[in-house]
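Chain by chain, the residues:
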Amino acid sequence: MLEYTEKIREISQKLLKDSKVDMVIGFRKGTVPMMNEPTFIRNANEVGQLIWDSNCGINLANYLTGRKEKIGIVAKGCDSRNIVVHLVENKVNRDNLHIIGVPCKGMIDRRKIGVIYGEEILNVVEDGEKIVVEGDGDEKVYDKKDVLQENCAICIHRNPVIYDELVADLVEEQKDVDRYEDVRKIESMPPDEKWAYFEGLLKNCIRCYACRNACPLCYCPTCFVDESRPQWVGKSIDPVDTRTFHFLRAYHCAGRCTDCGACERVCPVGINVRAFTKKLEKDVKELYDWEIGLDPNVRPPLDVYKTQDPEDFIK
Amino acid sequence: MEHMGIEPGRLQFSWISSAESTKFVKVVKEVTETIKSLGPRKHFIKTEAKVA
Ligand code: SF4
Ligand code: SF4
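## A short note on helix 3 (residues 110–117) of chain A
Residues and elements named next belong to chain A.
Reasoning step 1: Residues Arg-110, Ile-113 and Tyr-117 constitute the buried set of helix 3. Along the axis of helix 3, the buried positions cluster into a sector of 65°, meaning they face one direction only.
Reasoning step 2: Where the residues of helix 3 are buried, they touch strand 6 (121–127), strand 7 (130–135), strand 8 (140–143) and helix 9 (262–266).

## Remarks on the side chain of Asp241(A)
Reasoning step 1: Along the polypeptide, Asp241(A) turns up in helix 8 (residues 239–252).
Reasoning step 2: According to the relative accessible area criterion, Asp241(A) is buried, its value standing at 4%.
Reasoning step 3: At a separation of 3.5 Å, a polar atom in the side chain of Asp241(A) contacts the main-chain amide nitrogen of Gly234(A).
Reasoning step 4: Among the polar contacts made by the side chain of Asp241(A), one reaches the side chain of Ser236(A) at a distance of 2.5 Å.
Reasoning step 5: With residues up to four places along the chain from it excluded, the contact list for Asp241(A) reads Arg207(A), Val233(A), Gly234(A), Lys235(A), Ser236(A) and Lys46(B).

## Brief notes about the confidence of the model for chain B
Reasoning step 1: For chain B, per-residue confidence averages 89 on the pLDDT scale, and 92% of positions sit at 70 or higher.
Reasoning step 2: Predicted as a complex, the structure gets a pTM of 0.90 and an ipTM equal to 0.83.

## Quick look at the environment of Ile162(A)
Residue and element names in this part refer to chain A.
Reasoning step 1: Positionally, Ile-162 belongs in the loop between helix 4 (150–153) and strand 9 (165–166).
Reasoning step 2: Taking the C-alpha atoms as reference, Ile-162 lies 21 Å from Leu-50; in sequence the two are 112 residues apart.
Reasoning step 3: Dropping the residues within four chain positions of it, Ile-162 is found in contact with Ser-80, Val-84, Leu-87, Arg-94, Ile-99 and Pro-296.

## Quick word on the domain arrangement of chain A
All names here are of chain A.
Reasoning step 1: With domains assigned, chain A is organised as domain 1 (1–106 + 157–168), domain 2 (108–147) and domain 3 (178–303).
Reasoning step 2: Computed over C-alpha atoms, the centres of domain 1 and domain 2 are 26 Å apart.
Reasoning step 3: Contact residues are listed per partner, giving 10 residues for domain 1 and 10 residues for domain 2.
Reasoning step 4: Where domain 1 abuts domain 2, roughly 880 Å² becomes buried across the two surfaces, and 58% of that area is made up of carbon and sulfur atoms.
Reasoning step 5: Looking at the side of domain 1 facing domain 2, the largest losses of area belong to Pro-33, Met-34 and Ser-54, adding up to 58% of the total buried there.
Reasoning step 6: Summed over the shared surface of domain 1 and domain 2, the result is five residue pairs in polar contact (both at pLDDT 80 or more).
Reasoning step 7: Residue composition of the side of domain 1 that touches domain 2, grouped by class: five nonpolar, three polar and two charged.

## Considerations on the site of ligand 1
Reasoning step 1: Around ligand 1, the surrounding shell consists of Cys215(A), Leu217(A), Arg249(A), Cys257(A), Thr258(A), Asp259(A), Cys260(A), Gly261(A), Ala262(A), Cys263(A) and Thr277(A).
Reasoning step 2: Along the lines of polarity and charge, the residues of the shell around ligand 1 split into six nonpolar, three polar and two charged.

## Let's talk about a negative patch on the surface
All names here are of chain A.
Reasoning step 1: Taken together, the side chains of Glu-119, Glu-120, Asp-136, Asp-138 and Glu-139 present a region of like negative charge at the surface.
Reasoning step 2: You can see Asp-138 is positioned in the loop between strand 7 and strand 8.
Reasoning step 3: In this structure Asp-138 comes out as exposed when scored by relative accessible area, which is 62%.

## Overview of the interface of chain B and chain A
Accessible area lost during the coming together of the parts is what is often quoted as the interface size.
Reasoning step 1: At the junction of the two partners, chain B supplies 20 residues and chain A supplies 22 residues.
Reasoning step 2: Between chain B and chain A we count two salt bridges in total.
Reasoning step 3: Between Lys42(B) and Asp192(A) there is a salt bridge, and its shortest N-O distance comes to 3.2 Å.
Reasoning step 4: Where chain B packs against chain A, one counts five residue pairs in polar contact (both at pLDDT 80 or more).
Reasoning step 5: Residues that form the side of chain B that touches chain A fall into these classes: nine nonpolar, five polar and six charged.

Definitions and cut-offs
- Residues numbered from 1 in each chain as written.
- Chains lettered and ligands numbered in written order.
- Predicted model: local features only at pLDDT ≥ 70, side-chain atom pairs only at ≥ 80, totals over all residues.
- Heavy atoms only, no water.
- Buried < 20%, exposed > 50% of the residue type's maximum accessible area, 1.4 Å probe, protein only.
- Helix = DSSP H or I, 4+ residues; strand = E, 2+ residues; numbered from the N terminus.
- Arc of directions from axis to C-beta.
- Contact = heavy atoms within 4.5 Å.
- Polar contact = N/O pair within 3.5 Å; in protein donor to acceptor, adjacent residues only side chain to side chain.
- pLDDT = per-residue confidence, 0-100.
- Domains from an automatic or database assignment.
- Buried area = accessible area lost by both parts, 1.4 Å probe.
- Nonpolar A, V, L, I, M, F, W, Y, C, P; charged D, E, K, R; others polar.
- Near = heavy atom within 4 Å.
- Patch = residues over 30% accessible without salt bridge, like charges linked within 9 Å, V, L, I, M, F, W, Y side chains within 5 Å.
- Areas by Shrake-Rupley, 256 points an atom, 1.4 Å probe, with all protein chains shown as cover.
- Salt bridge = Lys/Arg side-chain N within 4 Å of Asp/Glu carboxyl O.
- Lys, Arg positive; Asp, Glu negative; His and termini not counted.
- Charge placed at Lys NZ, Arg CZ, Asp CG, Glu CD.

Okay, here's the thing in structure tokens:
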């Protein structure tokens, strides 16, 4: 995917030079390995900052919310789906966007690599499907497919669903992916075990809200967790408060979450927060045969009433 | 909610019009019975913060 960088720069330069956009939202290299950061490029002579590799896991649609300028945005599959969500929810105007589509081959999980490498990592370079890690220990080479982010490993929409131009040919989508193995595992547990599973999952949560902040869906002017009149949820790290935050956050994403993995990626303590959202994704798929973010012209199921909507849960 | 460990039956939903008094009574009875058979709740109980 490294060759995408040149193309992204070329397209961005042209867009900015021709004043087609006021800025381009893309990625630049971060200060630590495997942590690229979002960047806003407003000047054609700054496009050299833009890069693309397997560390662009943050969801850039998050930076579009409510913007009125003309924007060029670099979008991989999941970003493009969240752009669609933004369009459906009137958070951005399609006419203001120039979507630079990036056919994605998956992002790598810096935690996985950190764990298997075991020493401090100083530099990570990509060579096709290989990831070369340099650091305090010996240089190691890993297969990219073994160190993919979990959501990327089961992704079935790698290609952007909406775009104005592409940086490369579309990639082949992954087929025969079992998206819900982990959800089924939890579903098969008895209630006490389920409770204990989530208790264990959340025990390290420090309520920093990074997961919420990274999510393009979480754009309410005042989030329910920040509200103090009334206070919907306690602000402590009492397990009850933490759990309340997490399950309500997930409910707010029901039928909207694209499983982009940004929430999980940004968590400083490595909590698999997708364990909540994926259950809802699975339910929406099973109950309404719905996948979010594929078509800006269709209203999502929780937004419309249909007489054949399932209602077995209501007495 | 059940997915994260709340016992099935503890959380119930119903739609009852203000004119459906018999349904209301029936549902209240059913809910009370189910909850009684489940016993006291174990989850989402917040104890007072202990202050020294
Ligand atoms: S909840 Fe997480 S996976 Fe879902 S859209 Fe938000 S950041 Fe992405
Ligand atoms: S990012 Fe992680 S630690 Fe922070 S609130 Fe979310 S789950 Fe908790």
